[in-house]
Amino acid sequence: MHLDNDDKQWFASIFDQHYEHIRNYVYYLSGDITLSEDLSQDAFLQIWEERKSLNRATARSYLFTIVRHNYFKHYRRKAVKINFINAQIREEENESPEFILELKEFDHLLQRAIAKIPDKTRAIFLMSRIDSMSYANIAHDLNISQKTVEKHITKALKLLKKKVNRKL
């Protein structure tokens, strides 16, 4: 089978531009880096297979739709908790052991609170805060309105404030 050079160039461009965002989106939903890489690769494989009939202008949105669908299909009957990897906190000479312990406890509390946010809200919140994506970009990628993104961010912040303040 002879592959069209334009198809290869288009696919390489789409992959280079969007793979990291797609993988991160699935990671925010699942908390599982291996699963996020697998589902991302599956989405790109599907894009490649459908390249002749695909509207190339909407490829990015379609990728997000594919991975979102595949994620929920994979976890349809399972309860999902996000698992974050705790960053090692360097012990600096001027920080007391009590401060380091409090920082670790707060980090654990915050991660538990984030894990309890509903999947879609958590993903949108992390896309905004971790990837520094604008509300408009998130809305475009997920095929939702910017107002919906704002509502999800507000909901996430309220839930975090409620969970974290209660424990402090």
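Read on for an overview of the structure. (Residues numbered from 1 in each chain as written. Predicted model: local features only at pLDDT ≥ 70, side-chain atom pairs only at ≥ 80, totals over all residues. Heavy atoms only, no water.)

**Re the overall build of the chain**
Looking only at helices and strands, one finds 7 helices and 0 strands in the chain. In the chain, the succession of α and β elements from N to C terminus is α-α-α-α-α-α-α. In the chain, which comprises 168 residues, the proportion classed as buried is 39%. At a minimum sequence separation of 6, the contacts of the chain that also span at least 24 residues come to 70%. Working note: accessible area of the chain is about 10700 Å², and carbon and sulfur atoms make up 51% of it. (Helix = DSSP H or I, 4+ residues; strand = E, 2+ residues; numbered from the N terminus. Buried < 20%, exposed > 50% of the residue type's maximum accessible area, 1.4 Å probe, protein only. Contact = heavy atoms within 4.5 Å. Areas by Shrake-Rupley, 256 points an atom, 1.4 Å probe, with all protein chains shown as cover.)

**Section: helix H1 (residues 5-30)**
In this model, H1 (26 residues) spans 35 Å end to end at C-alpha, consistent with the 38 Å of a helix rising 1.5 Å per residue. The largest bend in H1 comes to about 50°, at His 18. Gly 31 sits one or two positions beyond H1 and adopts a positive phi of about 75°. (Expected span 1.5 Å × (residues − 1). Bend = angle between axes of the 7 residues up to and from the residue.)

**Observations concerning the nonpolar core**
Counting residues in each nonpolar core, the largest one holds 42 residues, and the members touching the most others are Tyr 25, Met 127 and Leu 142. The set of elements that each furnish at least two residues to this core consists of H1, helix H2 (33-49), helix H3 (59-74), helix H4 (97-115), helix H5 (119-129), helix H6 (135-142) and helix H7 (146-167). Of all the elements, H1 adds the most residues to this core, at 10 residues. When neighbours within four sequence positions are excluded, Met 127 is seen to be in contact with Tyr 25, Tyr 28, Phe 64, Ser 132, Met 133, Ile 138 and Leu 142. (Core = buried A, V, L, I, M, F, W, Y, C linked by side-chain atoms within 4.5 Å.)

**Focus: the packing of H1 against H2**
Taken N-terminus to C-terminus, the directions of H1 and H2 make an angle of 145°; their axes are 8 Å apart at the nearest point. Of the two elements, H1 crosses H2, and the hand of that crossing is right-handed. Considering only residue class, the contact of H1 with H2 consists of 14 nonpolar, 5 polar and 4 charged. (Axes fitted to C-alpha atoms, helices over the stretch in contact; angles between N-to-C directions. Left-handed = near helix turned anticlockwise from the far one by under 90°. Nonpolar A, V, L, I, M, F, W, Y, C, P; charged D, E, K, R; others polar.)

**A look at the packing of H2 against H3**
The contact between H2 and H3 brings their axes to 9 Å, and the two run at 130°. Classified by the interaxial angle, the pair formed by H2 and H3 is oblique. Pair H2 / H3 crosses with right-handed handedness. Along the contact surface, H2 presents Leu 35, Leu 39, Ser 40, Ala 43, Phe 44, Gln 46 and Ile 47, while H3 presents Ala 59, Tyr 62, Leu 63, Ile 66, Val 67, Asn 70, Tyr 71 and His 74. (Parallel < 35°, antiparallel > 145°, perpendicular 65-115°, else oblique.)

**Details of the environment of Asn 24**
By the secondary structure assignment, Asn 24 is in helix H1. Since its relative accessible area comes to 12%, Asn 24 is described here as buried. Sequence-wise, Asn 24 and Ser 40 are 16 residues apart; in three dimensions their C-alpha atoms are separated by 9.1 Å.

**Considering the pattern of salt bridges**
Scanning the model with the defined rule gives 6 salt bridges in all. In this structure, Asp 7 engages Arg 51 in a salt bridge whose closest nitrogen and oxygen atoms are separated by 3.3 Å. Of the two residues, Asp 7 sits in helix H1 while Arg 51 sits in the loop between H2 and H3, which places them 44 residues apart along the sequence. The two residues Asp 7 and Arg 51 agree in class, both being buried. Its salt-bridge partner being Asp 141, residue Arg 60 comes within 2.3 Å of it at the nearest N-O pair. Taken together, the residues span a long stretch of sequence, with Arg 60 in helix H3 and Asp 141 in helix H6 at a distance of 81 residues. Judged on exposure class, the residue Arg 60 and its partner Asp 141 are both buried. Residues participating in the shared-partner salt-bridge network are Asp 7, Arg 51, Lys 52 and Arg 56. (Salt bridge = Lys/Arg side-chain N within 4 Å of Asp/Glu carboxyl O.)

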